[in-house]
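Here is how the chains run, residue by residue.
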Amino acid sequence: MSGRVCVVGLGPGDARHLTPAAADALGEARHLVGYGPYLARVAARKDQVVHPSDNREELHRARHALALAAQGETVALVSSGDAGVFAMAATLFEALEDAGGADVEIEVIPGVTAMTAAAARIGAPLGHDFCALSLSDNLKPWETVLARLRAAAEADFVIALYNPASRARPWQLGEALELLRGVRAGDTPVVFATAVSRPEEEIVVVKLAEARAEMADMRTLVIVGSSATRSLPRAGGGAWVYTPRKAAVPA
Ligand code: SAH
C-alpha cells in the first residue's frame, strides 16, 4: 500500500491564516514532520507522531517524509508561510528526484506567504509588478544574489526580500541596501515587517536613504518599493504604503 505526503504551509503565524485545507491535511496525517518551532505551532493529537528536526536538515527531513510514506504512512511535511516559497515543497521534489521517484502520493497545500501577509498589514505595496528574492547565500553564491537584485531594481520591480538577515548572515542586507540606493531614489518607501501576525509583530516604514540592516532580523520580510510606490498618512497615525496598479511612465 502506498502512503502519502502532504506538504503543508502553516501561514505566517496567526492560526487564522492557516487555511481550512491545510488544517484538514494536518488532521489526516499520522506523522508530522518539520522544523521543531514550526511543529510547535501545530496542536498534535495523541495518536499523531511528531518528528521535529533541526533547521539545517531539510533534505534529510524530506527523505524521512518520503520513507515513511513508502511504508504506507500518511505524512504532513510542515513549513511556515507557503510550503512552496523558499520552503519544503521544493526540497521534497529534490529528494524525490534524487531517489529516482517513489511510489507515494504527494500533495502540496498552499499557504499564506510572509510577503502577502506583510503587504496586507501595510496596505498594498504589491499592487503592481513585483518579484521575490531570498537574500540568503546559503544555497546560492552572494554574487548571484547581487546580480538578481540589481536586475530587479533596474527593471523597477517592487522587491520582496525573504531571509534578509540572521546571526550567521549579518552583513548581507547592508550590502543589498547600498546596491539599491545606487539604483532607486532615496525617498523610495521600504517596509520592514517583522513577525507578521504574531504577538511580537512590528512594522516599520522608512525611506530607502534611511534604511539600515539593523532594522531586520530572521523574522523580517523587507519590501522595497518601485518608483511608483507611495506612502500615505493613515488615520490614527502611521502610514499606508501602496503601489498603484498603473505602471509609472518611464522618465
Ligand atoms: N515559506 C515561508 C518563507 C520561508 S523563508 C513563507 O512562505 O513565508 C523564511 C523567511 O520568511 C524569513 O527570514 C522572513 O523573511 C520570512 N518570514 C516568515 N514568516 C514571517 C513573518 N511572520 N513575518 C515576516 N517575515 C516572515
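Refer to the preceding data block for the structure.
Residues numbered from 1 in each chain as written. Predicted model: local features only at pLDDT ≥ 70, side-chain atom pairs only at ≥ 80, totals over all residues. Heavy atoms only, no water.

(A) Summary view of the packing of helix H3 (residues 58-70) against helix H4 (residues 88-98). Where H3 meets H4, the axes come as close as 8 Å, and the angle between the chain directions of the two elements is 70°. Compared by their axis directions, H3 and H4 come out roughly perpendicular. The handedness of the crossing between H3 and H4 comes out as right-handed. For the pair H3 and H4, contact is made by Glu58, Leu59, Arg61, Ala62, Arg63 and Leu66 and by Met88, Thr91, Leu92, Glu94, Ala95, Leu96 and Asp98, respectively. Counted by class, the contact of H3 with H4 contains seven nonpolar, one polar and five charged residues. (Axes fitted to C-alpha atoms, helices over the stretch in contact; angles between N-to-C directions. Helix = DSSP H or I, 4+ residues; strand = E, 2+ residues; numbered from the N terminus. Parallel < 35°, antiparallel > 145°, perpendicular 65-115°, else oblique. Left-handed = near helix turned anticlockwise from the far one by under 90°. Contact = heavy atoms within 4.5 Å. Nonpolar A, V, L, I, M, F, W, Y, C, P; charged D, E, K, R; others polar.)

(B) Focus on the packing of aromatic side chains. Evaluation of the coordinates by the stated rule reveals three aromatic pairs. When the centroid spacing of 5.3 Å and the interplanar angle of 80° are considered together, the rings of Trp142 and Trp171 count as edge-to-face. One end of the pair, Trp142, is in helix H6 (residues 142-154); the other, Trp171, is in the loop between strand E8 (158-162) and helix H7 (172-183), with 29 residues separating them in the sequence. We classify Trp171 as partly exposed; its relative accessible area is 43%. (Phe/Tyr/Trp six-rings, centres within 6.5 Å; stacked < 30°, edge-to-face > 60°. Buried < 20%, exposed > 50% of the residue type's maximum accessible area, 1.4 Å probe, protein only.)

(C) Region of the structure containing unusual backbone geometry. At Asp156, a residue that is not glycine, the phi angle is positive and equals roughly 65°. Here Asp156 is to be found in the loop between H6 and E8.

(D) Structural view of the site of the ligand. Close to the ligand lie 20 residues; Asp82, Val85, Thr113, Met218 and Thr220 are nearest. Measuring from a nitrogen atom of the ligand, one finds a backbone N or O atom of Pro12 at 3.0 Å. Measuring from a nitrogen atom of the ligand, one finds a backbone N or O atom of Ser80 at 3.0 Å. Taken together, the residues of the shell around the ligand sort by class into twelve nonpolar, five polar and three charged. (Near = heavy atom within 4 Å. Polar contact = N/O pair within 3.5 Å; in protein donor to acceptor, adjacent residues only side chain to side chain.)

(E) Broad picture of the sheet that holds strand E12 (residues 230-233). One open sheet holds the three strands; their spatial order is E6-E13-E12, and the pairing between them is mixed. Strand pairing shows two members of the sheet lacking a second neighbour, strand E6 (123-124) and E12, which therefore form its edges. Pairing of E12 with strand E13 (residues 239-242), which is carried by four bridges, proceeds in the antiparallel orientation. When the bridges of E13 are listed, Leu232 appears paired with Trp240. (Pairing = 2+ DSSP bridges.)

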